[in-house]
Amino acid sequence: AVDDVSFSIAKGEAMGLVGESGCGKSTLGKTLMRLHDPTDGQIFYDGTEIANMPKKEFKEKYRSDIQMIFQDPYASLNARMTVRDIIAEPLIAHGIVKKKEDANELVYPMLEWVGLTKEHANRYAHEFSGGQRQRVGIARALILKPELVICDEPISALDVSIQAQVINLLKDFQEEKGLSYLFIAHDLSMVRYVSDDVGVMY
């Protein structure tokens, strides 16, 4: 699916990745997250080769540093979990908090940061608009304070009127927290707006 791809992303910078449907952009993003195992090649994160690292070791050392915002904000959120539980889940999985109740003091400020409120915490994903759901997805990705965020077409499922709000939110986070982004997209004008470098896949 992906062959002969090579690039680097500097700390605090955004790399835009564009290309036609089916060229392997999402596969590349998921491979960097080790959701897919690469069959060949190398991936370096902060000087360490992670492509061939045992998955358990990768999860323990680096999974919290590298997070992903998915394309479809509905499919990527668990319909049976409240928003609070969705955002708290990574904190529990990584042992940052022991119980869901302990996560509230981290979850509520994150909801505010992404433009939602504490009152939204006990609702379910189907009760939100597409733009609000994507904000939940962003909150879930950022709650672990990652250094690199892979954004897999994070606005393509949203109305045009909402797209700019979500993109500006991501840019604000980048400036505040020094995040690095890999921005996978179709829309060249959006990529030009958010990216320091642009790569084209065929």
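Structural data are supplied above this passage.
Overview of the structure. Predicted model only: the values in this text are computed from it and were never measured. (Residues numbered from 1 in each chain as written. Predicted model: local features only at pLDDT ≥ 70, side-chain atom pairs only at ≥ 80, totals over all residues. Heavy atoms only, no water.)

1. Brief notes about the sheet that holds strand S4 (residues 66–69)
On the basis of which strands lie adjacent, the open sheet formed by five strands has the order S4-S5-S6-S1-S7 and parallel pairing. Each end of this open sheet is capped by a strand with a single partner; those strands are S4 and strand S7 (197–201). Within this sheet the neighbouring strands show an average axis-to-axis angle of 20°, counted without direction. Here five bridges tie strand S1 (residues 14–19) to S7, and the two strands are oriented parallel to one another. Among the inter-strand pairings, Gly 19 is bridged to a residue of S7, identified as Met 201. Contacts between helix H5 (residues 130–142) and the sheet are confined to S4 and strand S5 (148–152), with S4 contributing the most and set at about 175° to the helix. Packing against the sheet, helix H6 (residues 160–177) makes contact with S1, S4, S5 and strand S6 (180–185), and its axis sits at approximately 160° to S6. (Pairing = 2+ DSSP bridges. Helix = DSSP H or I, 4+ residues; strand = E, 2+ residues; numbered from the N terminus. Axes fitted to C-alpha atoms, helices over the stretch in contact; angles between N-to-C directions. Contact = heavy atoms within 4.5 Å.)

2. Some thoughts on the packing of aromatic side chains
Applying the stated criterion to the full structure yields four aromatic pairs. With a centroid separation of 6.3 Å and an interplanar angle of 90°, the aromatic rings of Trp 113 and Phe 173 are classed as edge-to-face. Taken together, the residues span a long stretch of sequence, with Trp 113 in helix H4 (residues 104–113) and Phe 173 in helix H6 at a distance of 60 residues. For Trp 113, a relative accessible area of 43% translates into the label partly exposed. Geometrically, the ring pair formed by Tyr 181 and Phe 183 is edge-to-face, given 5.7 Å between the ring centres and 70° between the ring planes. Like Tyr 181, the residue Phe 183 is buried in the burial classification. One aromatic cluster is present, built from ring pairs that chain together Tyr 45, Phe 58 and Tyr 62. The positively charged end of Lys 171 is found above the aromatic ring belonging to Tyr 193, 5.0 Å away from the centroid. (Phe/Tyr/Trp six-rings, centres within 6.5 Å; stacked < 30°, edge-to-face > 60°. Buried < 20%, exposed > 50% of the residue type's maximum accessible area, 1.4 Å probe, protein only. Lys NZ or Arg CZ within 6 Å of the ring centre and 35° of its normal.)

Keep in mind these values describe shape, not function.
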